[in-house]
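# Report on the structure
What follows is each chain in one-letter form.
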Amino acid sequence: QVQLVESGGGLVQAGGSLRLSCAASRLTFSNYHMAWFRQAPGKEREFVAAVTRNRNTYYADSVKGRFTISTDNAKNTVYLRMNSLKPEDTAVYYCGAAAGPFYSDPNKMTYWGKGTLVTVSS
């Protein structure tokens with residue numbers, strides 16, 4: 001079955017950078033919107049960034065200019081480069097794949113990874 005496996009999380013100081021990876025198996029990127037979401041303790045899962053089937057990219061206002069989503073189709077992997085990290089970026093980051101038309105609604109994702117924890121210290 002389809003699997004999404006995130007990696008790259010960790011502890012970083014404010015102002016630092018991380019690159020998250022989401023390796024997909026048994027899934028063809030061209031058939032899905034690929035997105036990153038995050039969930040902080042006690043909060044709902046929120047949209048972070050997406051790359052759509054036609055390769056357009058979208059970002060939440062809170063990360064625009066700091067985060068970059070990209071894909072490597074040869075490796076079937078989607079990345080999230082995170083720069084200028086802030087303590088409020090601390091969360092579990094999830095990779096999602098949507099077969100339908102919506103890319104930013106967590107309730108519309110078809111597949112999820114198990115997440116990777118990002119902790120930003122002040």
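That block above? That's the structure.
Residues numbered from 1 in each chain as written. Predicted model: local features only at pLDDT ≥ 70, side-chain atom pairs only at ≥ 80, totals over all residues. Heavy atoms only, no water.

## Points about the overall build of the protein
The condition is simple: Labels follow the DSSP assignment, with helices taken as runs of H or I lasting at least four residues and strands as runs of E lasting at least two, numbered in each case from the N terminus. Based on C-alpha atoms, the radius of gyration is set beside the globule rule, defined as 2.2 Å times the residue count to the power 0.38.
Summing up its helical and strand segments, the protein has 0 helices and 11 strands in all. In the protein, the succession of α and β elements from N to C terminus is β-β-β-β-β-β-β-β-β-β-β. For 122 residues, the compact-globule formula gives about 14 Å, and the C-alpha radius of gyration of the protein, at 13 Å, lands near that figure. Its C-alpha atoms give the protein principal-axis dimensions of about 40 × 30 × 25 Å.

## A look at the pattern of salt bridges
Applicable threshold: Counted as salt bridges are all cases of a side-chain nitrogen of Lys or Arg within 4 Å of a carboxyl oxygen of Asp or Glu. Whether a residue is buried, partly exposed or exposed follows from its accessible area with a 1.4 Å probe, protein chains only, as a fraction of its type maximum: under 20%, in between, or over 50%, in that order.
Applying the stated criterion across every chain, the model contains 4 salt bridges. Of the charged contacts in the structure, one is a salt bridge between aspartate 89 and arginine 38, with a shortest N-O distance of 2.9 Å. In this pair, aspartate 89 is assigned in the loop between β8 (77-82) and β9 (91-98) and arginine 38 in strand β4 (residues 33-39), connecting sequence segments 51 residues apart. Just as aspartate 89 is buried, arginine 38 falls in that class too. Arginine 66 is the salt-bridge partner of aspartate 89, the closest N and O atoms lying 2.8 Å from each other. Taken together, the residues span a long stretch of sequence, with aspartate 89 in the loop between β8 and β9 and arginine 66 in the loop between β6 (57-59) and β7 (67-72) at a distance of 23 residues. The burial state of aspartate 89 is the same as that of arginine 66; both residues are buried.

## Quick notes on the environment of glutamine 39
What counts, and what does not: We call two residues in contact when some of their heavy atoms are within 4.5 Å. Two N or O atoms form a polar contact when they lie within 3.5 Å of each other; inside protein one atom must be a possible hydrogen donor and the other a possible acceptor, and for residues adjacent in sequence the pair counts only when both atoms belong to side chains.
As for its placement among the helices and strands, glutamine 39 is situated in strand β4. Accessibility expressed as a relative area gives 27% for glutamine 39, which makes it partly exposed. Separated by 28 residues in sequence, glutamine 39 and leucine 11 have C-alpha atoms that sit 16 Å apart. Contacts of glutamine 39, omitting those with residues within four sequence positions, involve Glu44, Arg45, Ala91, Val92 and Tyr94. From its side chain, glutamine 39 meets the backbone oxygen of lysine 43 in a polar contact 3.1 Å long. Separated by 3.4 Å, the side chains of glutamine 39 and arginine 45 make a polar contact.

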